[in-house]
Amino acid sequence: MDPIGFDAHDHSHCISDGIAVADAHCRANGLQFTPVRRRVLEILLEAHRALGAYDLLDVLRKEGFGSQPPIAYRALEFLVKNGFVHKIERLNAFVACCHPGERHAPLFMICRECNAVAEAPAEATQGRLGEAAREVGFQIERTVMEAEGLCPKCQPGGAA
């Protein structure tokens, strides 16, 4: 899997694929892909960056989905639980998964200037983390790997 997030590309492909994968997963598993859940995923796929729950709630409110925080939080909880969205702990925000439907441990690269987020594959059971866990008999079930720095656009002399 290639990293996704800092390169320019056609977002419509990401949006249609992400919604199709989520829709198929929900149908296959008897889950309800409600209009609010669908719209929250669409918003995140369209933005292609991390958004806070209240940012999402603002859009939902303007579109007539309601204005109470539980609306956004319930949708996000469902989308995270089913692997369509990731929570970026550093930003207390959410980003659409770039590899929905694929089992993976993502690594997030977060630009400290513009808050752009790129997702890349990482294998927590390999490398120093995996080695340290094996040494103490620990079984890794979930990791959140985040790196902070400057994206190509925000680096001195970067693309405008």
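Everything in this summary refers to the structure shown in the same document. (Residues numbered from 1 in each chain as written. Predicted model: local features only at pLDDT ≥ 70, side-chain atom pairs only at ≥ 80, totals over all residues. Heavy atoms only, no water.)

### Focus: the packing of helix α2 (residues 35–47) against helix α4 (residues 69–81)
Argument step 1. It is at 9 Å that the axes of α2 and α4 come closest, and there the two elements cross at 80 degrees. On the basis of the axis angle, α2 is roughly perpendicular to α4. Contacts between α2 and α4 involve Val36, Arg37, Val40, Leu41 and Leu44 from the first element and Ile71, Ala75, Leu76, Phe78 and Leu79 from the second.
Argument step 2. Taken together, the residues of the contact of α2 with α4 break down into nine nonpolar, no polar and one charged. (Axes fitted to C-alpha atoms, helices over the stretch in contact; angles between N-to-C directions. Helix = DSSP H or I, 4+ residues; strand = E, 2+ residues; numbered from the N terminus. Parallel < 35°, antiparallel > 145°, perpendicular 65-115°, else oblique. Contact = heavy atoms within 4.5 Å. Nonpolar A, V, L, I, M, F, W, Y, C, P; charged D, E, K, R; others polar.)

### Quick notes on the packing of aromatic side chains
Argument step 1. Across all of its chains, the model carries one aromatic pair by this definition.
Argument step 2. Summarising the aromatic geometry, the rings of Tyr54 and Tyr73 are spaced 6.4 Å apart at their centres and angled 80 degrees between planes, so their arrangement reads as edge-to-face. With Tyr54 in helix α3 (residues 53–62) and Tyr73 in helix α4, this pair connects stretches of sequence that are 19 residues apart.
Argument step 3. Residue Tyr54 is classed as partly exposed on the basis of its relative accessible area, which comes to 49%.
Argument step 4. Assessed through its relative accessible area of 41%, Tyr73 is described here as partly exposed.
Argument step 5. The aromatic ring of Phe78 is capped on one face by Arg37, whose charged end is 3.7 Å from the ring centroid. (Phe/Tyr/Trp six-rings, centres within 6.5 Å; stacked < 30°, edge-to-face > 60°. Buried < 20%, exposed > 50% of the residue type's maximum accessible area, 1.4 Å probe, protein only. Lys NZ or Arg CZ within 6 Å of the ring centre and 35° of its normal.)

### Points about the side chain of Arg39
Argument step 1. Note on placement: Arg39 falls in helix α2.
Argument step 2. Since its relative accessible area comes to 14%, Arg39 is described here as buried.
Argument step 3. Contact partners of Arg39, with chain neighbours within four places excluded, come to Glu46, Val59, Leu60, Glu63 and Phe65.

### Overview of the pattern of salt bridges
Argument step 1. Under the definition given, this model contains ten salt bridges.
Argument step 2. The salt bridge partner of Arg38 is Asp23, with a shortest N-O separation of 3.3 Å. You can see Arg38 sitting in helix α2 and its partner Asp23 sitting in helix α1 (residues 11–28), a full 15 residues away along the chain.
Argument step 3. Taking the relative accessible area as the measure of exposure, Arg38 reaches 27% and is therefore partly exposed.
Argument step 4. Glu148 serves as the salt-bridge partner of Arg90, at 2.3 Å between the closest nitrogen and oxygen. Of the two residues, Arg90 sits in the loop between β1 (85–88) and β2 (93–96) while Glu148 sits in strand β5 (residues 145–149), which places them 58 residues apart along the sequence. (Salt bridge = Lys/Arg side-chain N within 4 Å of Asp/Glu carboxyl O.)

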